[in-house]
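The residues making up each chain are set out below.
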Amino acid sequence: AYSTLVDAPPATRYKPPMRSVAFVLSTALAVALGIRLGTSPMASTVHAQQPPPAQPVTLDFEFFKTRVQPILLHKREGLARCYVCHSQGTPLVIEEPLPGATTWNEEQSRKNFEVIRRVVVPGNPRSSRLLAMPLAAEAGGIEFHPGGKHWMTQNDPEFRVLVEFTNGARTGSR
């Protein structure tokens, strides 16, 4: 086996492509005349007709608080609630509700939002660990999640809420 292209036999070494005489002459003429490709009036018109770039997706705190946090509290048969494991001893640590509380207070919710943002790629649910970890591998999730697989399909209503959140849904939107 050859370690580099230089060591390769002459027949397999890289050879730059041959340019046609017409290509070389037209390129030289364009350079000499100061013509730059893509700056013709037609190019400007085409460019002006392109839609503006999409605004970056931002995550909505109110949507998180009212739609996502209840998922973290939901009891599923045979599985722990998300917050039980994720309030201690995991790389993703959210707040534990105060004793006797059924949900988080405003300060805890804001802390949870900041923590969850670390595992979400806004506008890209497929790259967001928030969705991939608890989703069954057969449905497109990551192979292992210490807390088990909470959703067997991407059509699960809770999973769909997380997709909406990742895609920047706002409270009151559906």
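The rules behind each value
All chains use their own residue numbering, which begins from 1 and follows the written sequence. For this predicted model, a pLDDT threshold of at least 70 governs which residues receive local features, and a threshold of 80 or more governs which side-chain atom pairs are given and counted, while totals over whole chains, interfaces and linings are taken from all residues. Hydrogen atoms and water are omitted, and side-chain values are computed over all heavy atoms in the structure. Helical segments are the DSSP runs of H or I of at least four residues, strand segments are the runs of E of at least two, and each set is numbered from the N terminus. Between N or O atoms, a polar contact is any pair within 3.5 Å; within protein, one atom must be a potential hydrogen donor and the other a potential acceptor, and residues adjacent in sequence are included only when both atoms are from side chains. Contacts are assigned to residue pairs that have any heavy atoms within 4.5 Å of one another. Between N-to-C directions, angles cover 0 to 180 degrees, with each direction set by a line fitted to C-alpha atoms, over the stretch in contact for helices. Reported orientations rely on four angle classes, namely roughly parallel under 35 degrees, roughly antiparallel over 145, roughly perpendicular from 65 to 115, and oblique for the rest. Throughout this description, buried means an accessible area under 20% of the type-specific maximum (1.4 Å probe, protein chains only), exposed means over 50%, and partly exposed covers the range between.

**Re the side chain of R76**
Part 1: For R76, the position within the fold is in the loop between α3 (61-73) and α4 (82-86).
Part 2: Among the polar contacts made by the side chain of R76, one reaches the side chain of E158 at a distance of 2.8 Å.
Part 3: In contact with R76, other than residues within four places in its own chain, are I71, C82, H150, W151 and E158.

**A few points about the packing of α3 against helix α5 (residues 106-117)**
Part 1: α5 packs onto α3 with a crossing angle of 95 degrees between their chain directions and a minimal axis gap of 10 Å. Comparing their axes, α5 and α3 come out roughly perpendicular. Side by side, α3 and α5 meet where F61, F64, K65 and Q69 of the first sit next to E106, S109, R110, N112, F113 and I116 of the second.

**Re the environment of F159**
Part 1: Note on placement: F159 falls in helix α7 (residues 157-166).
Part 2: Owing to a relative accessible area of 4%, F159 belongs among the buried residues under this scheme.
Part 3: The spacing of F159 and L131 is 28 residues in sequence and 7.0 Å in space, taken between C-alpha atoms.
Part 4: Not counting residues within four places of it along the chain, the set of residues in contact with F159 comprises L131, L135, W151, T153 and Q154.

Spatial relationships are all this shows, so hold off on functional conclusions.
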